[in-house]
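Summary of structural features
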Amino acid sequence: MKQKSIIKASQLFFMLYVCKMVINITYNSSFSVKGETDDRIPAYILSYVLTFILVLPIYFLYKQDQTKDLIDNSYKLLGKFGFMIAAFYSIYFLCVCIYNFTFYNNYISNIMAPKVSLVLISVSIIACALYGAFKGITGIAQTSTIVFILFVAGTLFLICSQMPLVKDYNFTPFFYSGTETFFTEAQIMLSHCPCIALIGMLFPLVKGDMKKGIFLWNSGVFLTLILLTFVMVGSLGDYIKTQMFPFYSMSAIAGIGIFKRMDSLYIALWTSGLFIKISLFLYAFTICTEKFLGRKKAKIALFIGSALVCVISLFISFKSDIYFFLQNSISVTVFTLTATTFIPLVLLILSKFKKRSVSSSKL
Amino acid sequence: MFVALFSGCSGENKLHEKIIIKGVGVDLYDGNIEVTMHVFDSENSVSDGKGKIIVISSTGKTVLDAFNNLSKKTGKEPLYSQNLVLIIGKECAQNGINAIMDFFIRYYEVRPSVSVFVSDTTAKDILKCRYDGFLITCEEISALSFMGDFNASGKSADVTEVVNDLCGDITDPAVMALKVTADEQGQRPETSGTAIFNKDKLAGFLNTSESKGFMLLKGNIKGGTFVLDLNNSLGTATITFNDVTAEYSFDTSEEKLKIKIDIFAQLNLYALDNSEQRHLPNTHIDYIEELSNIKLKEYAVCAIEKSVKEYNSDSLNLGKRLRLYETDYFKEIQNNHRSCLSSAVYEINVQSQIKNIGQEMGP
């Protein structure tokens, strides 16, 4: 855990792009969204705008003091009560790992039809992610750049191979079956943006233009999602309604020339993406725990946290009731918004008040 | 991590303990499902590539039950991932294909890019064809599907297209029809046109020239020929399709729905049986284009008469087009849109353009 390592803003946003795309690809939309798939496109546009709004408190905290992360800010503003914020974020980052890992477990057990033991796959991935978190942010950032390039190449291949098969009649007018899909998808998209909280934890370690990075990251994510959804709906039509993981299904069909049946490669790629995401959030978990446990105890906490992620996500994977709850739960969205926006907003307001009171006392 | 993944190999059947399915035929037999398969015989394989395939049949209450019963005969586990074709017998198709397709949607091992055919007799007849003493392989049968767009004699379809058409009860599938032709050397399957469905039940067949019209209306012809009698000194001309597009517009203002279809056909002229003049004057080309318009319109009219009016089918995806372009009108007629389409007034305009003339500059 080399906290003083510095990464470039571009590396941070490559990591965040991979993190965001992994959850979008492995989450099971058919359980949460019942209407027309086309309505996801306006939902993505709304989420794109909302993400910019949600990131504002963290961005302004960053502008105030570029050397302090969210936890440092909370200790500075709340004194010893900053411990509560650090504990909250520690739990939050572990929950993000559990949430993502549960989705991945479900995806793997359906796609690979458990020929390989799910427990062993989970243990292997968590062990790799734990190693990544120990190596520190520089190692994760370098790996994620490679994964990002492969990810973009794979996505471009998908789009190019399916684009000629797009048929106009496969599209449905927006909101044809009501607005339920639109709102549900927008809400899910908001619950899938823990990366904003991650920005708040990592910005002291980043050098470069954050404003430009945030703009390009958010635009890149939603442009990819919109393009993938457009091509998927246009080429496969109602077929995707029968599929649990529509993006994966498209990869199983897509092909150009001899490059066919590439789904196994996509599974490998998405597993790498998950590794980046879990490593990164475990690393953020360590940053939080270090603040109130100290470095040595934080290392032990990292081991315990990783084990918890593995055990709880496996447990949820086998309990479909909890899995369905997680799929489309308002509480997940509220939890995410609390971590990404409400707490940073409170901290921002507190710091403004403190500044005012300091300047008025000087007068 | 690699070692952990080896657990997938334990307790699994080896390749020689599996029957590798290359093609599947489904028939109705005595109220049950009879599945006929081309399977790769790994134990008795020969080096020339032929003779490795054997034909096995099995019956059961459902498709999966029949597959399962196969293992009782062979003592081997079926492997579906190498399957290339799904051939449905006529009687089985008339009975409905939803139950059959469900297996091909749900089962994780089957590929969505499998080509789907309907036999004008039984699927078993097609899969048992032998020519020159050798079984016609599923690679050869699958090639008929790939050539469908290039010889314009039957509409090819794979599982994704069929499922897309079956979902939502708006459109109906259309797949390539096969028949068995025989000569002194043996039997081989041949494209006999297109099988048209009403919902999930086979409504009837289009012959090869009606299929040409059907594919013109679908706008997916990439090759194929038709012969024009030029009624003058030029004799007959053989025209090749280069590219075809079809545009639809709807007029819902009158009592009866009016559907205008504009077909744009780019053609090549590569064979003129009485071309004393090596270089065709423009007047001749205009004349050939005019005759082509008439001929192609005849094909299209025949296809509409049969598929839409006689079979009461929406395999041209008119319902989905109406949903997209005339949404309010479609909502009104959604429950009986097939009868609205069969009573609609169709206006077909064909605009041909000779693009290439061999050994001459194009017009």
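Our subject is the structure listed above.
Description of the structure in this document. (Residues numbered from 1 in each chain as written. Chains lettered and ligands numbered in written order. Predicted model: local features only at pLDDT ≥ 70, side-chain atom pairs only at ≥ 80, totals over all residues. Heavy atoms only, no water.)

When you go through chain B residue by residue, the secondary structure sums to 12 helices and 15 strands. With the C-alpha coordinates aligned to their principal axes, the bounding extent of chain B is approximately 75 × 55 × 50 Å. With 363 residues in all, chain B has 52% of them scored as buried. When contacts within chain B are restricted to residue pairs at least 6 apart in sequence, long-range pairs at least 24 apart make up 67% of them. For chain B, the accessible area works out to roughly 16300 Å², and carbon and sulfur atoms hold 47% of it. Distance between charge centroids for chain B: 5 Å, based on 37 positive and 50 negative side chains. (Helix = DSSP H or I, 4+ residues; strand = E, 2+ residues; numbered from the N terminus. Buried < 20%, exposed > 50% of the residue type's maximum accessible area, 1.4 Å probe, protein only. Contact = heavy atoms within 4.5 Å. Areas by Shrake-Rupley, 256 points an atom, 1.4 Å probe, with all protein chains shown as cover. Lys, Arg positive; Asp, Glu negative; His and termini not counted. Charge placed at Lys NZ, Arg CZ, Asp CG, Glu CD.)

A separate point is a nonpolar patch on the surface. All names here are of chain A. Taken together, the side chains of I300, F303, I304, L308, V311 and I312 make up a nonpolar region of the molecular surface, amounting to roughly 550 Å² of accessible area. Relative to the helices and strands, V311 resides in helix α13 (residues 295-318). Here V311 falls in the exposed class, since its relative accessible area comes to 55%. (Patch = residues over 30% accessible without salt bridge, like charges linked within 9 Å, V, L, I, M, F, W, Y side chains within 5 Å. Salt bridge = Lys/Arg side-chain N within 4 Å of Asp/Glu carboxyl O.)

So, about helix α6 (residues 138-151) of chain B. All names here are of chain B. The first and last C-alpha atoms of α6 sit 19 Å apart over 14 residues, in line with the 20 Å expected at 1.5 Å per residue. Approximately 30 degrees is the largest bend angle found in α6, and it occurs at S145. One or two residues past the end of α6 sits A152, with phi positive at roughly 50 degrees. (Expected span 1.5 Å × (residues − 1). Bend = angle between axes of the 7 residues up to and from the residue.)

Before going further, it helps to spend a moment on the packing of helix α6 (residues 118-135) of chain A against α13(A). The angle between the axes and the distance between the axes are what describe a pair of packed helices. Residues and elements named next belong to chain A. Close contact between α6 and α13 brings their axes to 10 Å; oriented N to C, the two are set at 150 degrees. Classified by the angle their axes make, α6 and α13 are roughly antiparallel. Classified by chirality, the crossing of α13 by α6 is right-handed. Two secondary-structure elements touch here, α6 through L118, V119, S122, V123, I126, L130, A133 and F134 and α13 through K299, L302, F303, S306, V309, C310, L314 and F318. Classifying every residue of the contact of α6 with α13 gives 13 nonpolar, two polar and one charged. (Axes fitted to C-alpha atoms, helices over the stretch in contact; angles between N-to-C directions. Parallel < 35°, antiparallel > 145°, perpendicular 65-115°, else oblique. Left-handed = near helix turned anticlockwise from the far one by under 90°. Nonpolar A, V, L, I, M, F, W, Y, C, P; charged D, E, K, R; others polar.)

With that out of the way, let us pick up the state of the cysteines. Residue and element names in this part refer to chain A. Counted according to the given criterion, the structure contains zero disulfides over all chains. No disulfide involves C97; its sulfur sits 9.1 Å from the nearest other cysteine sulfur, which is in C95. Its relative accessible area of 1% is what places C97 among the buried residues. Among the cysteines around C288, which has no disulfide bond, C97 carries the closest sulfur, lying 11 Å off. (Disulfide = S-S within 2.5 Å.)

One non-glycine residue with positive phi stands out, namely A:F175, at about 60 degrees. Along the chain, A:F175 turns up in the loop between α7 (137-162) and α8 (180-191). For A:F175, a relative accessible area of 35% puts it in the partly exposed group. Its identity is not glycine, yet B:N317 carries a phi of approximately 60 degrees, on the positive side. Its location among the elements puts B:N317 in the loop between α9 (282-310) and α10 (318-325). Its relative accessible area of 0% is what places B:N317 among the buried residues.

Now for the side chain of A:S251. Residue and element names in this part refer to chain A. Mapping S251 onto the fold places it in helix α11 (residues 246-253). Judged by relative accessible area, which is 0%, S251 ranks as buried. Apart from the residues within four sequence positions on either side, S251 is in contact with L158, M262, D263, Y266 and W270.

Residue and element names in this part refer to chain B. The element strand β1 (residues 18-29) is largely enclosed, with a buried count of 10 among its 12 residues. Relative to strand β4 (residues 77-79), β1 runs parallel, the two sharing three bridges. If you follow I19 over to β4, its bridge partner there is P78. Bridging between β1 and strand β2 (residues 32-40) involves nine bridges; their strand directions are antiparallel. By the bridge assignment for β2, V26 is matched with V35. The hairpin formed by β1 and β2 contains two residues between the paired strands, and D30 there has a positive phi angle of roughly 60 degrees. Of the pairings in the sheet, the one linking β1 to strand β5 (residues 85-88) comprises four bridges and is parallel in character. Looking across to β5, one finds that V24 is bridged to L86. (Pairing = 2+ DSSP bridges.)

Facing the 31 residues of chain B at the interface are 28 residues of chain A. Buried area between chain B and chain A, summed over both chains or domains, comes out near 2800 Å², and the portion from carbon and sulfur atoms is 57%. Our count for the contact surface shared by chain B and chain A stands at one salt bridge. When the shortest N-O distance is used, the salt bridge between A:D238 and B:K320 registers 3.4 Å. In this assembly, chain B and chain A are joined by six residue pairs in polar contact (both at pLDDT 80 or more). Within the residue set of the side of chain B that touches chain A, elements represented by two or more residues are α1 (2-5), α7 (159-166), α10 and α11 (327-333) of chain B. Looking at the side of chain B that touches chain A, the element that brings in the most residues is α10(B), giving five residues. (Buried area = accessible area lost by both parts, 1.4 Å probe. Polar contact = N/O pair within 3.5 Å; in protein donor to acceptor, adjacent residues only side chain to side chain.)

A word on the packing of aromatic side chains. Counted according to the given criterion, the structure contains 37 aromatic pairs over all chains. Judged by centre distance (5.3 Å) and plane angle (25 degrees), the ring pair of B:F103 and B:Y107 falls under stacked. Members of the aromatic cluster, each reached through a chain of ring pairs, are A:F88, A:Y89, A:Y92, A:F93, A:F281 and A:F335. In this structure, B:R188 is placed above the aromatic ring of B:Y131, and the distance from its NZ or CZ to the ring centre is 4.5 Å. A cation sits over an aromatic face here: B:K331 above A:Y176, 5.0 Å from the ring centre. (Phe/Tyr/Trp six-rings, centres within 6.5 Å; stacked < 30°, edge-to-face > 60°. Lys NZ or Arg CZ within 6 Å of the ring centre and 35° of its normal.)

Further remarks concern the sheet that holds strand β15 (residues 345-357) of chain B. Through backbone hydrogen bonds, the strands of a sheet pair up, either in parallel or in antiparallel fashion. All names here are of chain B. Reading across the sheet, the four strands line up as β12-β13-β14-β15 and stay open at both edges, with mixed pairing between neighbours. The open sheet is flanked by β12 (225-229) and β15, the only strands paired with a single partner. The average angle at which neighbouring strand axes cross in this sheet is 40 degrees, direction not considered. In the sheet, β12 pairs with strand β13 (residues 236-251) via five bridges, with the strands oriented antiparallel. Across the sheet, D229 pairs through a bridge with T236, a residue of β13. Running at roughly 50 degrees to β13, helix α8 (residues 208-218) makes contact with β12, β13 and β14 (258-272) of the sheet. Strands β12, β13, β14 and β15 of the sheet are contacted by α9, whose axis makes an angle of about 140 degrees with β15.

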